[in-house]
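Architecture at a glance
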Amino acid sequence: MSTLPAGDGVTTARGAHGSVLVLNSGSSSLKYQLVNPVGGEAIATGLVERIGEDGPGLLKHKFAGNATVREQPIADHGDALRLALGIFEEVGPSIEDAHVRAVGHRVVHGGAIFSEPTLIDDDVLRQIRDLIPLAPLHNPANATGIEVARELLPDVPHVAVFDTAFFATLPEAAATYALNKDVAEEHGIRRYGFHGTSHNYVSGKAARVLGRRLEDLNQIVLHLGNGASASAVRGGAAVETSMGLTPLEGLVMGTRTGDIDPAVVFHLMRNAGMDVDEVDTLFNKQSGLKGLSGENDFRALHELIAEGDEDAELALDVYLHRLRKYIGAYAAVLGRVDVIVFTAGAGENDDVVRSRVMEGLEGFGFAVDPERNAGRISEPRVISPEWARTTVMVIPTNEELAIARQCLEATGA
Ligand code: ADP
């Protein structure tokens, strides 16, 4: 049994609710976080990268202020999780000491089936696999992660928390594409929305921070990470969101196009000799900010702009223009906007993005105060001026904590 330094959160984790291990399995990565769902702190975090790739894989584990790094071949997700669990035993916290009550799995696509955190059994796992045609880039790895975790941690409940779940409340008019009804129904083609765990968490938190009832607030949530999405939330229920059948629709993102005329696909396939997989890769991995400027990280983009790079300047303009259009559209959807929330990597850290997107929106009652907005923001904060009708806020997202708490609800712990 390892000796745990004081103040690392494990003491609390041993309390009535124990801890929750949250897993996010990507195609070649496994992110994990051991969370105290009551106190909210991350007890330990880690990332395994380059799973199943040529050359060594990489594990980084952080616990009690120490980072442990391992480089070794990692054949598959089973190997990755075994390695991570081994590190827990080696450098702490021991999984047994941490009293893990549940394992929470982030699952990207819940289709029309899953709208709640769901206790996983063989049947649920099969249904998650059945949804692979709707999320070929994400659900396969999510399902594999679940499979290996259930094998390696058989004595605790496993819960799937779906990125789409929060958007199950979208009205039919918002969820329906104007596509031939029979084709759409046969193939499950509709707007599902993603990043739901984050939109749900920050919209709830905004109400609590303001001391207002969630039911009374109309909110626009802007989740601006590498992937980016906007939502309109009325009284705590999502009524619009920018992502659709897949996370490709909507805002300009780090490497994704967001909205684009679907005829561009026909054009490229007919005239550029591209096949469907090439177009898929082009739209998802080689476009967005990166496709326009060569950089998908805002820090690098700002540096290029400072050097006078015109492609970078245009990339930022395109990004902001799209975002502003969505804010305007969602104001129209909601009729009245009480709160606008910025969250995720760029939303929390990039004051230039936050202030520039709000430029010229004073007529709608939307504005950002330069002093309140300045710098990176790591605690919930109001950034609008006193006079503004709408409260603009930054609320750091915490998807792992949200997943951990939903796990406890689902297991009745
Ligand atoms: P994801 O979870 O989608 O990978 P994150 O929410 O972690 O994304 O956001 C990552 C993005 O946040 C980076 O690509 C970068 O553009 C932006 N970002 C992170 N830190 C900063 C910063 N200090 N200043 C500006 N942008 C930042």
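Please read these numbers as outputs of a predicted model, since none were measured by experiment.

Concerning the overall build of the protein
Helix and strand content of the protein: 16 helices and 14 strands. The C-alpha atoms of the protein give a radius of gyration of 22 Å, which matches the 22 Å a tight globule of 413 residues would have. Viewed in the frame of its principal axes, the protein has a C-alpha envelope of about 60 × 55 × 45 Å. By residue count, 50% of the 413 residues in the protein fall in the buried class. In the protein, once contacts between residues fewer than 6 apart in sequence are set aside, the share between residues at least 24 apart is 62%. With the model as given, the accessible surface of the protein reaches about 18,600 Å², and the carbon-plus-sulfur share is 50%. Both charge centroids of the protein, one from 36 positive and one from 57 negative side chains, sit 5 Å from each other.

A word on the site of the ligand
Taken together, 13 residues sit near the ligand, with Asn226, Gly227, Phe298, Gly345 and Ala346 positioned nearest. Take Phe298: an N or O atom from its main chain is 2.9 Å from an oxygen atom of the ligand. In the environment of the ligand, an oxygen atom lies 2.9 Å from a nitrogen or oxygen atom belonging to the backbone of Gly345. In the complex, 71% of the free accessible area of the ligand, which totals 570 Å², lies under the protein chains. At the level of secondary structure, the elements contributing two or more residues to the shell around the ligand comprise α11 (298–306) and α13 (344–349). The element best represented in the shell around the ligand is α13, accounting for four residues. When grouped by side-chain class, the residues that make up the shell around the ligand number three nonpolar, six polar and four charged.

As for helix α16 (residues 399–411)
Taking 1.5 Å as the rise per residue, α16 with 13 residues should run 18 Å; its terminal C-alpha atoms sit 18 Å apart, in good agreement. Where α16 is concerned, the buried positions are Glu399, Leu401, Ala402, Ile403, Ala404, Gln406, Cys407 and Leu408. Buried residues along α16 sit in contact with β1 (19–25), β2 (30–35), β6 (100–107), β8 (158–162), α7 (196–210) and β9 (218–224). Backbone geometry just after α16 places Gly412 at a positive phi near 70°.

Some points on the pattern of salt bridges
Pairs may arise between side chains of opposite charge once their charged atoms sit close together. Throughout the structure, instances matching the rule amount to 18 salt bridges. A salt bridge links Asp79 to Arg82, with the shortest nitrogen-to-oxygen separation between them at 3.7 Å. A residue pair is termed a helical-turn pair when its members lie 3 or 4 positions apart in one helix, as Asp79 and Arg82 do in helix α2 (residues 77–91) at three residues. Arg336 is the salt-bridge partner of Asp338, the closest N and O atoms lying 2.7 Å from each other. For Asp338, a relative accessible area of 13% puts it in the buried group. Among the ionic contacts, a cluster of salt bridges with common partners joins Arg106, Asp163 and Glu399.

Observations concerning the domain arrangement of the protein
By the assigned domains, the protein splits into domain 1 (6–162) and domain 2 (213–399). The distance between the C-alpha centroids of domain 1 and domain 2 comes to 28 Å. Facing seven residues of domain 1, the contacting portion of domain 2 comprises seven residues. Between domain 1 and domain 2 lies a buried interface of about 470 Å² when both sides are counted; carbon and sulfur atoms form 50% of it. The three residues of domain 1 that bury the most area against domain 2 are Leu134, Leu137 and His138, which together make up 57% of that side's buried surface. In this assembly, domain 1 and domain 2 are joined by one salt bridge. Between Glu399 and Arg106 there is a salt bridge whose closest N-O contact spans 3.9 Å. Taken together, domain 1 and domain 2 are joined by one residue pair in polar contact (both at pLDDT 80 or more). Looking at the side of domain 1 that touches domain 2 residue by residue, the classes come out as two nonpolar, four polar and one charged.

Examining a negative patch on the surface
Together, Asp275, Asp277, Glu278 and Asp280 make up a negatively charged patch on the protein surface. Looking at the element boundaries, Asp280 is found in helix α9 (residues 276–285). Judged by relative accessible area, which is 31%, Asp280 ranks as partly exposed.

Observations concerning the sheet that holds β9
As summarised here, the arrangement of the six strands in space is β11-β10-β9-β12-β14-β13, forming an open sheet in which the pairing is mixed. Edge positions in the sheet fall to β11 (237–241) and β13 (381–382), since each of these pairs with one other strand and no more. Pairing of β9 with strand β10 (residues 228–234) involves seven bridges; the strand directions are antiparallel. Residue pairing for β10: His223 is matched across the bridge by Ser229. Across the sheet, helix α12 (residues 310–334) lies against β9, β10, β11 and β12 (339–343), angled at about 160° from β9, the strand it touches most.

Some points on the UniProt feature "binding site: Mg(2+)" (unreviewed entry) in the protein
Per the UniProt record, the feature "binding site: Mg(2+)" (unreviewed entry) sits at Asn24 and Glu399. Spanning 376 residues, the named residues form one tight spatial group whose C-alpha atoms are at most 10.3 Å apart. Here Asn24 is in contact with Ser29, Leu30, Lys31 and Arg106, once residues within four sequence places are set aside. Residue placement: Glu399 occurs in helix α16. When near neighbours in sequence (up to four residues on either side) are disregarded, Glu399 contacts Arg106, Thr197, Ser198 and His223.

What counts, and where the lines are drawn
Residues numbered from 1 in each chain as written. Predicted model: local features only at pLDDT ≥ 70, side-chain atom pairs only at ≥ 80, totals over all residues. Heavy atoms only, no water. Helix = DSSP H or I, 4+ residues; strand = E, 2+ residues; numbered from the N terminus. Rg over C-alpha atoms; globule rule 2.2 N^0.38 Å. Buried < 20%, exposed > 50% of the residue type's maximum accessible area, 1.4 Å probe, protein only. Contact = heavy atoms within 4.5 Å. Areas by Shrake-Rupley, 256 points an atom, 1.4 Å probe, with all protein chains shown as cover. Lys, Arg positive; Asp, Glu negative; His and termini not counted. Charge placed at Lys NZ, Arg CZ, Asp CG, Glu CD. Near = heavy atom within 4 Å. Polar contact = N/O pair within 3.5 Å; in protein donor to acceptor, adjacent residues only side chain to side chain. Nonpolar A, V, L, I, M, F, W, Y, C, P; charged D, E, K, R; others polar. Expected span 1.5 Å × (residues − 1). Salt bridge = Lys/Arg side-chain N within 4 Å of Asp/Glu carboxyl O. Domains from an automatic or database assignment. Buried area = accessible area lost by both parts, 1.4 Å probe. Patch = residues over 30% accessible without salt bridge, like charges linked within 9 Å, V, L, I, M, F, W, Y side chains within 5 Å. Pairing = 2+ DSSP bridges. Axes fitted to C-alpha atoms, helices over the stretch in contact; angles between N-to-C directions. UniProt positions renumbered as here; feature names shortened; annotations may be inferred.

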